[in-house]
Amino acid sequence: MSADKPASEKIRCDACPVMCYIADGQAGACDRYANEGGQLVRVDPLTIIERRQDDSGKLVPFLDSNKEWDGELVIPGESFITAIGAGTTYPDYKPAPFIVSREVAGIDMITVVTEGIFSYCGAKVKIDTDRHLGPERNLVRVEGEPIGHVTTGEYGSQMLSIGGVNHLTGGGKKEGRVTCKSLMDLCNRKSVEMTIDDGSTVVVEAGKAPIINGAVEQRMRVGCGSATVGMFASQWKGLVDEVVVVDDHITGVMSEHQAGKVIGWQATGIKVKGRRSTPGRYFQVAEPGTGWGGTDINDPLLILDKFNPKIARPGQSLLMVSTTGEQFAYFELDEDLTPRQQEMPDRLLPSVRRIEENCEPALCSVLFMGGAGGSLRAGVTENPVKLTRSVKHMLTHITCGGAPVYVWPGGGITIMADVTRMPEQAFGYVPTPALVAPIEFTMRRADYQALGGHMDHVMPIEEAVKGVTGRQNDHVLKGQRHLHQAPGNPWPTRAVHFGWSDRESDT
Ligand code: SF4
C-alpha cells in the first residue's frame, strides 16, 4: 500500500480480514492481489490440470508443461480447475470463486473451487533417519522462534509436527510470522533449516534427503536391529559366530534371538549392556545420538560387557553392524576373550552390502494438514454442516490442487495432503497470519443442490477454461497455467471416489 496516495485512488481487497487498501500498480500485503488500473487482480495464474489422451485413448505421460494461457480454447483432453490462483472469498459470505459443472460419463458433476485461508493448519514432517534429532516433545525452531515440536518417532523415521493454531496465533507476532513462512515454504517444497532444542539442526525439503548437522542423510534403515537379525539370519549362518545389529531402539543379538535359535545358532557367551526385552532384543544399549544405529556411540564395543568365559572361546568371530549397513566392524576374541578388530573378511561383505541394498533412500515427506470445517464451507453451501455430512457420506470428494487428500474421521473436515503430489507453488499466505491452500469439492449436481449449493453461481467448465471469471466475479484473473496430471494422482472426478459409484463402471 502506498501511503502518499489519496485513499480514493486505492481499492479495497476483501479477500481476507486484513482488508488492504491497494494503490494502483501496487500489491496487497500478501502479494497475491494487486491493483491494476483500478481492478483487483489475483496475480498468480489459475492452475488447470489436464488429462490428455493420445489417439489410441491412452493417457499421455506427465510432462512438466507450464504455459501461460494464450487466449485459445484449450481442452485437448479433460480439464480440472484447481483452486490455485482462483482467489479467496474469506469470510465466505459470498460463493466460492469458481463453481463449475461438467458431465462425466453421463453424470452431471459440480466442482466448487476456492483458495482456503487456514488458521488451523500445519505440516506433519517425516524424516527418514535413524539419527536422533532431539527428544520427543522438544521445540523445533526457525530463526529462534518455536514453530513446532518433535513428535512420536515412526519406523525408521523421525517425525516433526510443525505449525498449528497455537504457534500461528497463540505466541508472539514474530512466532506467528515465522511459523507461517516456514509452513508455506515447506508446503511449497522449499528447504527450511530448523533447530531442535537439545538436538540437531536439520534441513527439510519435501521429496529430498534430509541434511542433519550439515551431513546429507543417505539411507533409511532396513529395519530395527531385531528385524535385521531376523531378515538376514540364514545368510550369516556358517560365516560368523555372532552378529550384533546396533540400534538405538532394539539392538539384535543373533545367538540369543529367536531367528538364530530356530536355525541352530550356537550360544557365544556374549553380554550386551542395556535392558533385555525378549531373548536377543535389547533396549537402551546407549544414549540416542547420531552415531551407530541412532545411538551416540562410534565404537560399537562400548555396548558389550565381558564375554562369559564358560561359553566363549578364543578365535570366536563377531560381526557388528548398524541398521543401515553404513557402519560395520569385524572382531575375533583373543586369548583373554577380548574382541580385537580385524579386517572385514570377504565372506561377510556381501551380507553387509545386502543390508545397504535393502535400505531405501532417505527422504523428507511433508503432509499439509488443515481444517476446512469453518467459514470456508459457506462458499460452497448456505448450510455449512451439510457439506461436512456430504464429505463424511462420500457424496463430496475433496482434492487439494487436484491432488488426493486423506479426510480424518470424526467431526469437521480435517484433511491431509502430500505436498509433492500437488502442483508447485500451490500455497500462499495472508498476514493474519494464516496459510492459503487450494481446495476443491466435487460432487454430483443433485447432491450439490441437496446440500444447499449456490446453484445460480454454477458455470460450465468450458467457460472457465476459456478464461471467463467465476459468477461471483469480484476480481480479475491474471491468466492460466496448464499442467498435466501428476503421475499416480487419480483423476478428481472419477466415480470411484464416491459412495454411490458402481465400481464396475468407474471412469
Ligand atoms: S492480505 Fe492479501 S488477501 Fe488479504 S486483503 Fe490484503 S491483498 Fe487481500
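Definitions and limits used
Residues numbered from 1 in each chain as written. Predicted model: local features only at pLDDT ≥ 70, side-chain atom pairs only at ≥ 80, totals over all residues. Heavy atoms only, no water. Helix = DSSP H or I, 4+ residues; strand = E, 2+ residues; numbered from the N terminus. Buried < 20%, exposed > 50% of the residue type's maximum accessible area, 1.4 Å probe, protein only. Contact = heavy atoms within 4.5 Å. Areas by Shrake-Rupley, 256 points an atom, 1.4 Å probe, with all protein chains shown as cover. Lys, Arg positive; Asp, Glu negative; His and termini not counted. Charge placed at Lys NZ, Arg CZ, Asp CG, Glu CD. Axes fitted to C-alpha atoms, helices over the stretch in contact; angles between N-to-C directions. Parallel < 35°, antiparallel > 145°, perpendicular 65-115°, else oblique. Left-handed = near helix turned anticlockwise from the far one by under 90°. Nonpolar A, V, L, I, M, F, W, Y, C, P; charged D, E, K, R; others polar. Phe/Tyr/Trp six-rings, centres within 6.5 Å; stacked < 30°, edge-to-face > 60°. Core = buried A, V, L, I, M, F, W, Y, C linked by side-chain atoms within 4.5 Å. Pairing = 2+ DSSP bridges. Salt bridge = Lys/Arg side-chain N within 4 Å of Asp/Glu carboxyl O. Polar contact = N/O pair within 3.5 Å; in protein donor to acceptor, adjacent residues only side chain to side chain.

Caption draft 1: The overall build of the protein chain, seen in detail. Each helix and strand in the protein chain was counted, giving eight helices and 34 strands. Taken over the C-alpha atoms alone, the protein chain extends approximately 90 × 60 × 40 Å along its principal axes. Taken across its 507 residues, the protein chain has 52% of its residues classed as buried. The contacts in the protein chain between residues at least 6 apart in sequence include a share of 66% that link residues at least 24 apart. For the protein chain, the accessible surface area stands at approximately 22,100 Å², while carbon and sulfur atoms represent 49% of it. Each charge sign in the protein chain was given a centre, from 52 positive and 63 negative side chains, and these centres are 4 Å apart.

Caption draft 2: Structural context of the environment of Phe118. Its place among the elements puts Phe118 in strand S9 (residues 107-118). Under the relative-accessibility criterion, Phe118 is labelled buried at 1%. Once the C-alpha coordinates of Phe118 and Gly164 are considered, the two residues, 46 residues apart in sequence, prove to be 9.8 Å apart.

Caption draft 3: Seen up close, the side chain of Asp334. Examined against the element boundaries, Asp334 turns out to sit in the loop between strand S23 (328-333) and strand S24 (339-342). Contacts of Asp334, omitting those with residues within four sequence positions, involve Pro314 and Arg340.

Caption draft 4: Local environment of the packing of helix H3 (residues 225-236) against helix H5 (residues 349-357). Between H3 and H5, the least distance of the axes is 11 Å, while the angle of their chain directions is 150°. With respect to their mutual orientation, H3 and H5 come out roughly antiparallel. H3 and H5 meet at a crossing whose hand is right-handed. Here H3 contributes Thr228, Phe232, Gln235 and Trp236 to the contact with H5, which in turn contributes Ser351, Arg354 and Ile355. Its residues assigned to classes, the contact of H3 with H5 comprises three nonpolar, three polar and one charged.

Caption draft 5: Examining the environment of Ala233 more closely. Mapped onto the elements, Ala233 comes out in helix H3. The spacing of Ala233 and Ser182 is 51 residues in sequence and 45 Å in space, taken between C-alpha atoms. In this structure Ala233 touches Met254, Ala259, Ile263 and Trp265, once residues within four positions along its chain are discounted.

Caption draft 6: Molecular detail of the packing of aromatic side chains. Throughout the structure, instances matching the rule amount to six aromatic pairs. Arranged with centres 5.1 Å apart and planes meeting at 15°, the rings of Phe498 and Trp500 form a pair that is stacked. The exposure class assigned to Phe498 is buried, which follows from its relative accessible area of 0%. What links up through ring pairs into an aromatic cluster is the set Phe118, Phe368 and Phe427.

Caption draft 7: The nonpolar core, seen in detail. Counting residues in hydrophobic clusters, the biggest one holds 58 residues, and the most contacted among them are Ile162, Met194, Phe368 and Phe427. If one sorts the elements of this core by residue count, helix H2 (residues 173-187) sits on top with six residues. If sequence neighbours within four positions are ignored, Ile162 has contacts with Gly122, Ala123, Val125, Val140, Ile147, Gly148, Leu183, Leu186 and Met194. Val285, Ala286, Phe307 and Phe331 belong to the second-largest nonpolar core, a separate cluster that totals 20 residues.

Caption draft 8: View of the pairing of strand S22 (residues 317-322). Most of S22 sits inside the fold, with six of its six residues counted as buried. Residues of S22 alternate between two faces, with Ser317, Leu319 and Val321 on one and Leu318, Met320 and Ser322 on the opposite face, all of them buried. Bridge count between strand S18 (residues 242-246) and S22: five bridges; the pairing is parallel. The residue of S22 that forms the bridge with Val244 is Met320. Two strands pair when backbone bridges link them, and S22 and S23 are joined in this way by five bridges, in the antiparallel orientation.

Caption draft 9: Here's a closer look at the pairing of S18. Of all five residues in S18, five are buried, a share of seventy percent or more. Pairing between S18 and strand S19 (residues 251-253): two bridges, direction antiparallel. Paired with Val244 across the bridge in S19 is Val253.

Caption draft 10: Expanded view of the sheet that holds strand S33 (residues 476-477). Read from one edge to the other, the open sheet built from three strands follows the order S3-S4-S33, with strand pairing classed as mixed. Strand pairing shows two members of the sheet lacking a second neighbour, strand S3 (33-36) and S33, which therefore form its edges. Pairing of strand S4 (residues 39-42) with S33, which is carried by two bridges, proceeds in the parallel orientation. Bridging across to S33, Val41 finds its partner in Val476.

Caption draft 11: Broad picture of the pattern of salt bridges. A complete count under the given rule lists 23 salt bridges for this structure. Lys181 is the partner of Asp185 in a salt bridge, and the nearest nitrogen-oxygen pair spans 2.7 Å. With Asp185 and Lys181 both in helix H2 and four residues apart, this pair spans about one turn of that helix. Across the salt bridge formed by Glu205 and Lys208, the nearest N and O atoms sit 3.1 Å from each other. Residue class for Glu205 comes out partly exposed when judged on its relative accessible area of 22%. Several salt bridges converge on common partners, so that one network encompasses Arg32, Arg42, Asp44 and Glu115.

Caption draft 12: Representation of the side chain of Thr381 within the structure. Relative to the helices and strands, Thr381 resides in the loop between strand S25 (364-371) and helix H6 (384-392). Judged by relative accessible area, which is 1%, Thr381 ranks as buried. A polar contact is formed between the side chain of Thr381 and the backbone oxygen of Gly452, at a distance of 3.3 Å. Thr381 has contacts with Leu387, Leu451, Gly452, Gly453 and His454, leaving out every residue within four places of it along the chain.

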